[in-house]
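Residue-level listing of the chains:
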Amino acid sequence: MSNFLSKLTEVGTTYIDDSDILMRVKTANFSIIISFFAYLLGGGIASYYIPQLTVVVTFDVLCIILSYVIIFTGYHLAGRLLFINAFFLSILIIHIILVKENELPLAILGIIITAFWILPWNIFSYAKERAPLLTSAVFGVAAVVLLPFSNDWIEIPDINNSILQEPYFFLLLIFLSAIINMASMLIFVRLNESDKRKAEKLLKELSRQKASAEQTNQELLASLAELKTLQASEEIRKKSILHQAELSDVLRAYSQDLEKACDRAISLITRYIDANAGALFLHEEAGNHSYLEMIACYANGKRKYISKKFSTSEGLVGQVFMEKAHIIANNIPEEHIQIASGLGELAPTHLLIVPMLQNDIVIGVMEFASFRPFDALIVEMAERLANITASIIITTRINQRTQELLEQSQHQTEDLRAREEEMRQNMEELAATQEEMARINDELSNKSIAVNILLGVVEIGIDKRILSANDNFAEIIGYTKEELLEMTHADLVPFDVYEKQEYDMWWDSLIEGRFFNGKSIRKTKSGKKITLNCCYRPVFSPTNREIIKIIKYCYPVTMQF
């Protein structure tokens, strides 16, 4: 029911943008609906008792319906004017019909008109609809003023208006009038509060949107600042690329002179990063001592050759070398460095130290001083330029080393040529010696063959195992060579002739490097004892003086040579 009534009050408000006018139209719609039902009730009762009022009541009801229809079509101002003025006019007409000549005015009708004076102020906006408001208000006042003078305008006989003097009917009309006015006031207040709440909600929404807009504005400002930073970054990166190319071209021209290359590098990089002074330290090693030596220095457009050495663990320069990362120092002491110019000497307040890296190896350190802070992009540029310088310096050092090796090679070539003649002479002498040695080797080889034919030869390991034996020894001792390889030297010794301890001492003397020449008694395979003339010779390792085996030469004592 509430939603249905709400929809009825919103008739004709679709195209109204003004919140005040919208509230007035809704109030008028509600008043029209209440008046319609009030007229049906009150008008119906009045027409029952006073049939002559049927036409007027019908006219009023039709005007109310027509007002609602006009508002529905969008002409809300005309509809409201018709509604309020038709009401005042109908009360005046009823008074003219009911009151006869020389009768007193009906107070109840004057009270009803007076009670409805509030309606124009509810359904019209004083600020924006002043003309219809004042017109309706004046018309309502005029209706009341004309009541005492309207009793003789129309004479209709046989009308009994005594019922209007009855207290209950008087109260009924007052009640209906009060309901219409109170309902109008209540709906006006309710709509006003509703609009107020909507306004507050709208204000909150506007505040939220304002905050959102401010946040968006801040984000846009931040984005703009970021864009400017990116533009500045891109500009510095472009300069960095150009500087890298220029630095590479310049330093390649000094690829044979390390000192000049370092001097040009620190000079160019100091100007590229807009610093006021710079120094270049190279890593050097002397024996077990590692240090950083200043090779080049640049200050205020003038090169200053200052010899300085730092340990790789000393000061900020050493720290950068050890950590392989740059260091930025601000508010440095005045005595740290001074830059001279025609106006005197000034002390910079900001310091940047960067490592010179190549394949994660620090070959040196660059130090820069400035009167202004070093931002991140400048630091990035300085690191890139320092690394390019490191690469060029490594190439320069390689070139210098190559040149030194070339000169050394030339000297060595001359020495080799001098020695070549000497070696040629030595080769001739060696060739003669080799011929003599070959002849001697032939003789020794023939003797070895003869020994192998005439004598028994056996090789014995230091553990006494027989390693090899020739046919003569196998024939002398009565075993096959295969059987001998499974035996030890002790297996051939008759321990009924020699004591075991005496034999062990004798063997120990052999593996200690002593020679033995003399007669020995040995057992043959058949158990027969045989006396041999023997010669035991230890064989030494070619790489050291350790004995690796014993060679035995022998023949029976009965053998004739």
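Located above this text is the structure these notes cover.
The notes below deal with the structure included here. (Residues numbered from 1 in each chain as written. Predicted model: local features only at pLDDT ≥ 70, side-chain atom pairs only at ≥ 80, totals over all residues. Heavy atoms only, no water.)

## Observations regarding the overall build of the protein chain
Secondary structure assignment for the protein chain yields 14 helices and 14 strands. In the protein chain, the proportion of contacts linking residues at least 24 apart, taken out of those at least 6 apart, comes to 60%. Accessible surface, the protein chain as shown: approximately 33,200 Å² in total, 58% of it carbon and sulfur. (Helix = DSSP H or I, 4+ residues; strand = E, 2+ residues; numbered from the N terminus. Contact = heavy atoms within 4.5 Å. Areas by Shrake-Rupley, 256 points an atom, 1.4 Å probe, with all protein chains shown as cover.)

## A short note on the pattern of salt bridges
Scanning the entire structure with this criterion turns up 12 salt bridges. We note a salt bridge from arginine 208 to glutamate 205, for which the minimum N-O separation is 2.4 Å. Within this pair, arginine 208 and its partner glutamate 205 are both found in helix H8 (residues 167–252), separated by 3 residues, close to a single helical turn. Residue class for arginine 208 comes out partly exposed when judged on its relative accessible area of 48%. The structure contains a network of salt bridges with shared partners spanning Lys464, Lys500 and Asp504. (Salt bridge = Lys/Arg side-chain N within 4 Å of Asp/Glu carboxyl O. Buried < 20%, exposed > 50% of the residue type's maximum accessible area, 1.4 Å probe, protein only.)

## Some words on empty space enclosed by the protein
On inspection of all chains with the given rule, the structure shows 3 cavities of 30 Å³ or more. What the second largest cavity holds in volume is close to 50 Å³. Lining the second largest cavity, in full, are Ser35, Tyr39, Asp60, Cys63, Ile64, Ser67, Leu82, Phe83, Ala86 and Phe87. Of all the elements in the fold, those that place two or more residues in the lining of the second largest cavity are helix H2 (19–49), helix H3 (54–72) and helix H4 (76–98). Of the residues in the lining of the second largest cavity, the class split is 7 nonpolar, 2 polar and 1 charged. (1 Å grid on protein atoms, 1.4 Å probe; cavity = no way out; pocket = protein on both sides within 12 Å on 5 of 7 lines; lining within 4 Å. Points joined across faces, edges and corners; volume = space filled by probe spheres on them. Nonpolar A, V, L, I, M, F, W, Y, C, P; charged D, E, K, R; others polar.)

## Re the sheet that holds strand S12 (residues 516–523)
Overall, antiparallel pairing links the 5 strands, which are arranged S11-S10-S14-S13-S12 in an open sheet. Each edge of the sheet is formed by a strand with only one pairing partner; in this case those strands are strand S11 (466–469) and S12. Pairs of neighbouring strands in the sheet enclose a mean axial angle of 30°, with direction left out of account. One ladder, built from 6 bridges, connects strand S10 (residues 456–461) with strand S14 (residues 547–556); its direction is antiparallel. Bridged to glycine 456 within S14 is cysteine 554. Taken strand by strand, helix H14 (residues 500–511) contacts S10, S12, strand S13 (529–540) and S14, and its axis lies near 120° from that of S14. (Pairing = 2+ DSSP bridges. Axes fitted to C-alpha atoms, helices over the stretch in contact; angles between N-to-C directions.)

## Topic: helix H9 (residues 258–272)
Its 15 residues give H9 an end-to-end C-alpha distance of 21 Å, which sits within 8% of 21 Å, the value for a rise of 1.5 Å per residue. Burial analysis of H9 places 11 of its 15 residues in the buried class, the great majority of the element. In the stretch just after H9, aspartate 274 is the one whose phi turns positive, near 60°. (Expected span 1.5 Å × (residues − 1).)

## Overview of the packing of H4 against helix H7 (residues 130–146)
Contact geometry of H4 with H7 gives a least axis separation of 9 Å together with a crossing angle of 5°. Considered as vectors, H4 and H7 are oriented roughly parallel to each other. Contacts between H4 and H7 involve Leu77, Leu81, Ile84, Asn85, Phe88, Leu89 and Leu92 from the former and Pro132, Ser136, Phe139, Gly140, Ala143 and Leu146 from the latter. Among the residues making up the contact of H4 with H7, the classes are represented as 10 nonpolar, 3 polar and no charged. (Parallel < 35°, antiparallel > 145°, perpendicular 65-115°, else oblique.)

## With respect to the environment of tyrosine 291
Its place among the elements puts tyrosine 291 in strand S2 (residues 289–299). Ignoring sequence-local partners within four residues, the contact set of tyrosine 291 consists of Leu282, His283, Glu284, Glu285, Ala286, Lys309, Phe310, Ser311 and Thr312.

## Let's talk about the side chain of glutamate 129
Tracing the chain through its elements places glutamate 129 in the loop between helix H6 (118–123) and H7. Given the relative accessible area of 7%, glutamate 129 is considered buried. If we skip the residues at most four places from it in the chain, glutamate 129 touches Ile21, His76, Leu77, Arg80, Ile123 and Phe124.

## As for the pairing of strand S5 (residues 327–330)
The alternating pattern of S5 places Ile327 and Ala329 on a buried face, while none of Ile328 and Asn330, on the opposite face, is buried. Relative to strand S8 (residues 350–358), S5 runs antiparallel, the two sharing 4 bridges. Paired with isoleucine 328 across the two strands is leucine 352, which belongs to S8.

## Focus on the nonpolar core
If you look at the biggest cluster of nonpolar residues, it comprises 37 residues, and the most contacted ones within it are Leu53, Phe87 and Phe88. Looking at this core, the elements with two or more residues in it are H2, H3, H4, helix H5 (107–115), H6 and H7. Discounting residues that sit within four places of it in the chain, phenylalanine 88 has contacts with Ile113, Phe116, Trp117, Pro120, Ser136, Phe139, Gly140 and Ala143. Counting 35 residues, the second-largest nonpolar core is a separate cluster that includes Leu251, Ala296, Leu352 and Ile363. (Core = buried A, V, L, I, M, F, W, Y, C linked by side-chain atoms within 4.5 Å.)

## Observations concerning a nonpolar patch on the surface
On the surface, a nonpolar cluster with roughly 340 Å² of combined accessible area is contributed by Leu62, Ile65, Leu66 and Val69. Along the chain, the position of leucine 62 falls in helix H3. (Patch = residues over 30% accessible without salt bridge, like charges linked within 9 Å, V, L, I, M, F, W, Y side chains within 5 Å.)

## As for the packing of H2 against H4
Geometrically, a packed helix pair is captured by the angle between its two axes and the distance between the axes. At a minimum axis distance of 10 Å, the contact between H2 and H4 shows a crossing angle of 40°. The orientation of H2 with respect to H4, classified from their angle, is oblique. In the packing of H2 onto H4, the handedness of the crossing is left-handed. On the side of H2, the interface is formed by Ile21, Arg24, Val25, Ala28, Ser31, Ile32, Ser35 and Tyr39, while H4 contributes His76, Arg80, Phe83, Phe87 and Ser90. A class-by-class count of the residues in the contact of H2 with H4 yields 7 nonpolar, 4 polar and 2 charged. (Left-handed = near helix turned anticlockwise from the far one by under 90°.)

## Topic: the environment of glutamine 244
With respect to the element layout, glutamine 244 can be found in helix H8. Considering only alpha carbons, one finds glutamine 244 and threonine 389, 145 residues apart in sequence, at a separation of 9.3 Å. Excluding anything up to four places from it in sequence, glutamine 244 contacts Arg384, Leu385 and Ile388.

## Describing unusual backbone geometry
Look at aspartate 360: it is not a glycine, yet its phi comes out positive at around 65°. By the element assignment, aspartate 360 lies in the loop between S8 and strand S9 (361–370). Despite not being glycine, lysine 464 has its phi angle at roughly 80°, a positive value.

## Some thoughts on the packing of aromatic side chains
Summed over all chains, the structure comprises 6 aromatic pairs. Between tryptophan 506 and tyrosine 536, the aromatic rings sit 4.9 Å apart at their centres with planes inclined by 85°, giving edge-to-face as the arrangement. One end of the pair, tryptophan 506, is in helix H14; the other, tyrosine 536, is in strand S13, and 30 residues separate them in sequence. We classify tryptophan 506 as buried; its relative accessible area is 19%. By relative accessible area, tyrosine 536 is classed as buried at 0%. Members of the aromatic cluster, each reached through a chain of ring pairs, are Phe495, Tyr503, Trp506, Trp507, Phe516 and Tyr536. In this structure, arginine 130 packs its charged tip against the face of tyrosine 126, placed 4.4 Å from the ring centre. (Phe/Tyr/Trp six-rings, centres within 6.5 Å; stacked < 30°, edge-to-face > 60°. Lys NZ or Arg CZ within 6 Å of the ring centre and 35° of its normal.)

Nothing here speaks to function; it is geometry throughout.
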